[in-house]
Every structure is written in structure tokens, then in C-alpha cells.
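Summary of the model geometry
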Amino acid sequence: MIHIRVTEKDGKIISLVVTGHAESGPYGQDLVCAGVSSIVTGLGNALDEMVPGCDLSCRENCFSFKVPHPDEKSETVMRTGLVQLKTMEEVSGKYMEIETEVLKP
């Protein structure tokens, strides 16, 4: 299963961590993993290009994005990625889950 953990503070996303593997099909043919990987790769590329100072990490079965100083631009990029991931979760919820943690100010 793919686990997506979103952390928000003061109404803005400050981190998004994606781990695991969907196992919805044979290796190399897993469409859920391919879809999530595409969304997350695009999100990482957008953050890298548009939001300076983000901490981006990509390791085997783990993508991690941290925004130390969230602003309107970072929020737009992160929310867009999250909407795409939630859209996938609606049809592939058996293979992925999204959890949101809201930190107190």
C-alpha cells in the first residue's frame, strides 16, 4: 500500500511524504504506482523550480517534500499535487491512503 502523509500548519501544507508500493499489479505494470509516481515527480519538479528553499528527497519507495517557509506559491503547488493524489485515492483507495496531520500553531 502507498501511504501519503500530509502535514499542515497555519492552514498551509508544510510537508508531504509518500512511502510504500501499491502492489496493484505485476512489477513494471502497476498503474497505481505509475500514476502516483508521475504526480509526485511532477510535484517535486514544480517545487524545485518554483519554490526556492524546499527540502526535497527521493529514495527507494520514499518521496519527501518539506516547505520550511510556506507561502501562497508553495501552497498552490502543494495543494495541486494533493488534489491529484486525492483523485487517484478516490478510484484506487484499496492501494493507497492519505492521512493529514494538522499541527497546532
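Structural notes, computed from the coordinates.

Analysis parameters
Residues numbered from 1 in each chain as written. Predicted model: local features only at pLDDT ≥ 70, side-chain atom pairs only at ≥ 80, totals over all residues. Heavy atoms only, no water. Pairing = 2+ DSSP bridges. Helix = DSSP H or I, 4+ residues; strand = E, 2+ residues; numbered from the N terminus. Axes fitted to C-alpha atoms, helices over the stretch in contact; angles between N-to-C directions. Buried < 20%, exposed > 50% of the residue type's maximum accessible area, 1.4 Å probe, protein only. Core = buried A, V, L, I, M, F, W, Y, C linked by side-chain atoms within 4.5 Å. Contact = heavy atoms within 4.5 Å.

Regarding the sheet that holds strand S2 (residues 12-20)
Strand order in this open sheet of five strands is S3-S4-S2-S1-S5, and the pairing throughout is mixed. The two strands at the open ends of the sheet, each matched to only one other strand, are strand S3 (55-59) and strand S5 (96-103). Between one strand and the next, the sheet's axes are offset by a mean angle of 10°, whatever the strand orientation. Pairing geometry for S2 and strand S4 (residues 62-66), over five bridges, is antiparallel. In the sheet register, Thr 19 faces S4, and the bridge partner there is Cys 62.

Focus on unusual backbone geometry
The phi dihedral of Asp 10 is positive, around 55°, even though this residue is not glycine. Structurally, Asp 10 can be placed in the loop between strand S1 (2-9) and S2. In this structure, Asn 61 takes a positive phi of about 60° despite not being glycine. Positionally, Asn 61 belongs in the loop between S3 and S4. With a relative accessible area of 45%, Asn 61 lands in the partly exposed category.

Overview of the nonpolar core
Residues Ile 2, Ile 4, Leu 16 and Val 36 are the most contacted members of the largest nonpolar core, which totals 26 residues. Mapped by element, the contributors of at least two residues to this core are S1, S2, helix H1 (31-50), S4, helix H2 (72-92) and S5. For this core, the leading source of residues is H1, giving seven residues. In this view, Ile 4 contacts Leu 16, Val 17, Val 18, Leu 85, Met 96, Glu 97, Ile 98 and Glu 99; residues no more than four positions away in its chain are not counted.

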